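Residues per chain, in single letters:
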Protein chains: 2
Amino acid sequence: MTNTNGEGQEQIDLCEYIFKRLVQLGLGSVHGVPGDYNLTILDYVKPAGLNWVGNANELNSGYASDGYGRIKGISAMVTSYGVGDLSAINAIGGAYGERAPIVHLVGTPPTAAQEAGACLHHSLGDGRLRIFADMNKFVTAAQANLIDVDKAPALVDATLKTCVLESRPVYIELPTNLVHAKVPAPTSPIDLSLPGYDEEHETKVVSSIVESIQKSKKPMIFMGGLAARFRVTEEINEFVRLTGIPTATMTFGKGIINESIPNYQGVYMGAVGDTVFKQQVDEADLVLDFGPMHSDVNTFGFSAVPKADVTITINQYSAKFFSKDSDTSGRVYSPKSFMAKLLKSISATKLPEYPFKRGSTYPPHLLQNLKPSSKNEKIEHDEFWLSMSNFLRSGDIILVEAGTAIAGACSMVLPDNVIFMNSGLWLSIGYTLPALQGAALARREQRKEGSKEAAGFSGRSILFIGDGSLQMSVQGISDIIRNKLDTTIIVINNDGYTVERYIHGFDESYNDIQPWRNTQAASFFGAPINDSDYPVIAEQARSWGELRSLLARPDVEKGKGLAVIEVFMDLKDAPLPLKNFAGFMANRNKTNGKN
Amino acid sequence: MTNTNGEGQEQIDLCEYIFKRLVQLGLGSVHGVPGDYNLTILDYVKPAGLNWVGNANELNSGYASDGYGRIKGISAMVTSYGVGDLSAINAIGGAYGERAPIVHLVGTPPTAAQEAGACLHHSLGDGRLRIFADMNKFVTAAQANLIDVDKAPALVDATLKTCVLESRPVYIELPTNLVHAKVPAPTSPIDLSLPGYDEEHETKVVSSIVESIQKSKKPMIFMGGLAARFRVTEEINEFVRLTGIPTATMTFGKGIINESIPNYQGVYMGAVGDTVFKQQVDEADLVLDFGPMHSDVNTFGFSAVPKADVTITINQYSAKFFSKDSDTSGRVYSPKSFMAKLLKSISATKLPEYPFKRGSTYPPHLLQNLKPSSKNEKIEHDEFWLSMSNFLRSGDIILVEAGTAIAGACSMVLPDNVIFMNSGLWLSIGYTLPALQGAALARREQRKEGSKEAAGFSGRSILFIGDGSLQMSVQGISDIIRNKLDTTIIVINNDGYTVERYIHGFDESYNDIQPWRNTQAASFFGAPINDSDYPVIAEQARSWGELRSLLARPDVEKGKGLAVIEVFMDLKDAPLPLKNFAGFMANRNKTNGKN
Ligand SMILES: Cc1ncc(C[n+]2csc(CCOP(=O)(O)OP(=O)(O)O)c2C)c(N)n1
Ligand SMILES: Cc1ncc(C[n+]2csc(CCOP(=O)(O)OP(=O)(O)O)c2C)c(N)n1
């Protein structure tokens, strides 16, 4: 597909160009579903050295791309015009809100048919052939309609750059007739320079932060989930460790900080959590809020939002000091050099010790003091989440679905160097199963590539998901099997939508679901039988005894192949924080509270 | 929830008002998925006398509502703000394009939180809280944001009216805090009067049509799929019978005309089909084109579009004579009285006989002359579709998914009085399985209600679907089981996306799918075991012998309960029309053809 133009510059096909750039950005796999407007695009996947995932449907492609992108910093998905595009748009919305980098490449009709407003399949039949792009504008950070071949390479580069820098989905339309159009091959790596980067400004922000820390008597660090997008997790951990400042995470930020760091304090739940913890936050004279996501749910009804007048918000490229932007002229810092400067400055600064008390619900203490239920007893949430901590290992990838799981997981004690993924804003149930597929794939690739991030990867990717959420996107299991991904899926079967029951309609049948035989999933989706390369486990646990012996099995512990473990819990049981929080939600909805 | 205001007028809750109106329009069930912003809405479903379907996910809710609405003329779906809404929007797009009436009721955040632009879960976190409504504007015929209680009842009425009259989806936002707001109870039935209706105009259109018929020597009737939306199928059949005019249907319109009518000629496939048929159409001096849908796929690359200068297009409310609108001042006719007048006028008119020749591919002839393969032979498409005709019965509901199925089904010989549902424009695979759920439910309700339409209902709802399409929305089977719907699902397992193979990439792995054990579906989704009220059949057919003995089984024939019958076909086999057509599609995409 390569040739040269008159001036000897190498010419390649436009589609090849796109995938070349994506490979430069670290992409290893392409998610998506074929369709007649994108089939010729797919011809370029393998030759580019990329792997085609082939999802069972497009929503799952989107969710999986999100999971993949959170780990690799880039992901790509190819869908078919109209139908494939709109099927995935809910995942794109989530990726926009929670910042996952997805390049959504849509194969669109040939330009002449578009110009003619032809009555094409996958359109609405009324000539409005670009409304899908219009709809995507609401949920993507950049859009490119590649109808002008001359401008296409630059447009592709700019769009991919936005995707990477903003860590948000972008939308590219590639008409079928231009897939093969010739463009100059890239001669240098894609430009990812940060617009508005200003070293002096960076230095100033760092020194302002350090000064504020020096002045503070009772500082705290808050770790919001968006800090994971900075891609400087190691440096952030080092900062927490060096300063010794008491550090809380939000639910969405759990897992970013190694929980073994002595000044790590656990998940801060505001009004719903420990009162000792809350008092400490209320009395803090400085809060360094890294990558905050102050959604109603993530802040337990805004009760876990630190006071603005003591807060320095540290976003990816800019900081806000006590509600003021650090710079309004568009100057920004780069997270990598910013953190390097911050660490250097802090190393040279003598800081006092910052004593703090731990509340009675500090998970490691609860875990230490846990008196395990006897083996015939039913499995209950509060003990379950605590004791699952013992199953986790350094280097695991752990995903937690919305529902009781996300609330329960707040009290899991995480080993160091894990990836912990959940949703703190979009909370679209069904997200995590395909995200598990994407995350496991991304890590497997990183390991193959010998990337530093994956050095300590345990090989295990573990999902906790409710039975209701599982139903949304269950064909994600098929995608996992197809791609032979090592995953452990722990399904919490509690007969329906328990989190919703706590909010409203406890006994209403609308909170019931069709009971599935969940342990048949692997077989239904075509998992291999007796394949030592991809062993399959499907088991149920109805009591502590059953659960414990399952988790102790070496094959379960190893996490190789696919394991679906169904844990039965009572429909009426829920983790304590959820019980406390549900009332807030119900009341807000009824009384027209702002929050 | 009822009381009276000062003036003694009965007051009811806004949400009750909405459901009351929907019941007046014939609604019997509400599709959807709960979420915390809509739970209190769901409290009103049962008290209104409505049934809650409770789908496994929202895309399936949307598809099912489409299937339900096509039969009942109205459907409703409740989803959760943001995540539920966007999950379903691909189905809404299809319903817009192919005209299915869906009232999409979204539970939105309380108005104060919306006004404050709060960082709410299921939003993008940036205060743009109504972008989901903005996105829905592209694919819905009317939108209502019920934030003004005084205006809400009139707004609801107007929105529902648009839904019914246009047979298209509409979008209603009901903030949680206004679910219980008091509004006057409706005192009269909802106004469905047709704006612009003009009897004189109606008479004039009818006489112009009759005149044109009288002048014509070689007339034809074309039956487009949108004619089903006129809801005067009986009258249209009578018209075809009375005039004796040779009548073709498009793929999308198949099933509207009883195929036993002597002048019914079969599906017209333009350049891809029979040459005798094509010659007749080319020579026609008048084409009465009922409810056309001239999409590329439905017209086999626009080759089955009748010539404009001989065509009278009969849309639902207006006609176009030889490319001219019958009226440009907005005057319309009403399908019911229009057809009554047309029938009356035609009865009083002496028409000649219109001889026509049948092409060699006329399905009833092919069926008569079919020499069935011997029992050990593999099942092949062309014989399969023809011979499945013998399985069908009057009163069946038959759905056919995009893929090889939709092409093959063109040569099925349908018994009279069936409902035949497919997609002719949107062609989003996975649509038909949930649509089967919706359609079977709608018909069951109609039978219970003693409605005339359901008088001859066989009780059977039969779906033909490819293995790839099944994977998209497979949890539709769960919804079928949950609602105990009598359905027969015939899965064509040909190892992947065969229709795509024919278009491009015949042997490419991107056209493969993960092989499932499809006959385990019912069990996985929790189908009852040994329940005589809801028997479950799961069988495979790999040869003609196996298929024939299966279809001859009385329990299979009866169609009670759930049957999943997996029919294996060769990956390389396809119905003849598809083989012919695929080349067109591939070429159009590559060469930038307008069509
Ligand atoms: C796509 C989508 N639809 C609906 C919802 C509303 N919702 C939030 S949690 C939940 C129930 C989750 O149930 P399950 O996974 O069984 O977890 P449980 O709380 O029972 O443990 C629902 C329906 C949502 N968040 N996303
Ligand atoms: C939502 C959606 N995604 C992708 C497509 C593109 N597409 C059209 S037909 C088809 C394959 C259908 O395969 P299958 O159902 O197995 O039928 P077959 O042709 O193999 O009989 C695909 C992927 C689509 N139409 N809709």
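None of these values were measured; they are calculated from a predicted model.

**Focus: the interface of chain B and chain A**
Consideration 1: With 95 residues of chain B in contact, the opposing surface of chain A contributes 95 residues.
Consideration 2: Both sides of the chain B and chain A interface together cover about 8,000 Å² of buried area, and 59% of this is carbon and sulfur.
Consideration 3: On the surface where chain B and chain A come into contact, there are zero salt bridges.
Consideration 4: Between chain B and chain A we count 46 residue pairs in polar contact (both at pLDDT 80 or more) in total.
Consideration 5: Ranked by the residues each element gives to the side of chain B that touches chain A, the list is headed by helix α4 (residues 83-98) of chain B, at eight residues.

**Re the site of ligand 2**
Consideration 1: Taken together, 21 residues form the shell around ligand 2, and within it Glu58 of chain A together with Thr404, Ser469, Gly496 and Glu500 of chain B come nearest.
Consideration 2: Chain contributions to the surroundings of ligand 2 come from chains A and B.
Consideration 3: Thr404 of chain B places a side-chain nitrogen or oxygen 2.5 Å from an oxygen atom of ligand 2.
Consideration 4: A distance of 2.7 Å is found between a nitrogen atom of ligand 2 and a backbone nitrogen or oxygen belonging to Leu427 of chain B.
Consideration 5: Considered on its own, ligand 2 offers 590 Å² of accessible surface; in the complex 97% of this is hidden by protein.
Consideration 6: Secondary structure elements with two or more residues in the shell around ligand 2: α16 (467-472) and α18 (498-503) of chain B.
Consideration 7: The element best represented in the shell around ligand 2 is α16 of chain B, accounting for four residues.

**Digging into the nonpolar core**
Consideration 1: Membership of the largest hydrophobic core comes to 248 residues, with the highest contact counts inside it found for Phe19, Leu288 and Phe290 of chain A together with Leu288 and Phe290 of chain B.
Consideration 2: Leu288 of chain B has contacts with Ile209, Ile213, Met220, Ile221, Phe222, Phe239, Ile245, Ile312 and Ile314 of chain B, leaving out every residue within four places of it along the chain.
Consideration 3: Of all hydrophobic cores here, the second largest spans 58 residues; its members include Tyr171 of chain A together with Tyr37, Phe132 and Tyr171 of chain B.

**Examining the UniProt feature "binding site: Mg(2+)" (unreviewed entry) in chain A**
All names here are of chain A.
Consideration 1: Per the UniProt record, "binding site: Mg(2+)" (unreviewed entry) is annotated on Asp467, Asn494 and Gly496. These annotated residues cover 30 residues of sequence, and their C-alpha atoms lie no more than 7.0 Å from one another, placing them together at a single site.
Consideration 2: One can find Asp467 in helix α16 (residues 467-472).
Consideration 3: A relative accessible area of 4% places Asp467 in the buried class.
Consideration 4: If we skip the residues at most four places from it in the chain, Asp467 touches Val491, Ile492, Asn493, Asn494, Asp495, Gly496, Ile513 and Asn518.
Consideration 5: With respect to the helices and strands, Asn494 occurs in the loop between β20 (487-493) and α18 (498-503).

**Here we look at the sheet that holds strand β6 (residues 103-108) of chain A**
All names here are of chain A.
Consideration 1: With respect to topology, six strands assemble into an open sheet ordered β4-β3-β5-β6-β8-β7, the strand pairing being parallel. At either end of the open sheet lies a strand with only one pairing partner, and these are β4 (51-52) and β7 (142-145).
Consideration 2: Pairing between strand β3 (residues 29-32) and β4: two bridges, direction parallel. Paired with Ser29 across the two strands is Asn51, which belongs to β4.
Consideration 3: Set on the sheet, helix α4 (residues 83-98) makes contact with β5 (76-80), β6 and β8 (170-175); between it and β5 the angle comes to about 140°.

**As for the pairing of β8 of chain A**
Residues and elements named next belong to chain A.
Consideration 1: With respect to burial, β8 is a largely interior element, six of its six residues being buried.
Consideration 2: Residue alternation in β8 divides its side chains into two sets, Val170, Ile172 and Leu174 and Tyr171, Glu173 and Pro175, and both sets are buried.
Consideration 3: Sheet analysis places β6 next to β8, joined by six bridges and oriented parallel. Residue pairing for β8: Thr108 is matched across the bridge by Pro175.
Consideration 4: Bridge count for β7 against β8 is four bridges, and the pairing is parallel. Across the sheet, residue Asn145 finds its bridge partner in β8, namely Glu173.

**Looking at the environment of Leu105 of chain A**
Residue and element names in this part refer to chain A.
Consideration 1: One can find Leu105 in strand β6.
Consideration 2: Using a relative accessible area of 3% as the deciding quantity, one classes Leu105 as buried.
Consideration 3: Residues Leu105 and Asn38 lie 67 residues apart in sequence; the distance between their C-alpha atoms is 9.0 Å.
Consideration 4: Not counting residues within four places of it along the chain, the set of residues in contact with Leu105 comprises Ile18, Phe19, Ile41, Met77, Val78, Thr79, Ile172 and Leu174.

Thresholds, definitions, all that
- Residues numbered from 1 in each chain as written.
- Chains lettered and ligands numbered in written order.
- Predicted model: local features only at pLDDT ≥ 70, side-chain atom pairs only at ≥ 80, totals over all residues.
- Heavy atoms only, no water.
- Contact = heavy atoms within 4.5 Å.
- Buried area = accessible area lost by both parts, 1.4 Å probe.
- Salt bridge = Lys/Arg side-chain N within 4 Å of Asp/Glu carboxyl O.
- Polar contact = N/O pair within 3.5 Å; in protein donor to acceptor, adjacent residues only side chain to side chain.
- Helix = DSSP H or I, 4+ residues; strand = E, 2+ residues; numbered from the N terminus.
- Near = heavy atom within 4 Å.
- Areas by Shrake-Rupley, 256 points an atom, 1.4 Å probe, with all protein chains shown as cover.
- Core = buried A, V, L, I, M, F, W, Y, C linked by side-chain atoms within 4.5 Å.
- Buried < 20%, exposed > 50% of the residue type's maximum accessible area, 1.4 Å probe, protein only.
- UniProt positions renumbered as here; feature names shortened; annotations may be inferred.
- Pairing = 2+ DSSP bridges.
- Axes fitted to C-alpha atoms, helices over the stretch in contact; angles between N-to-C directions.

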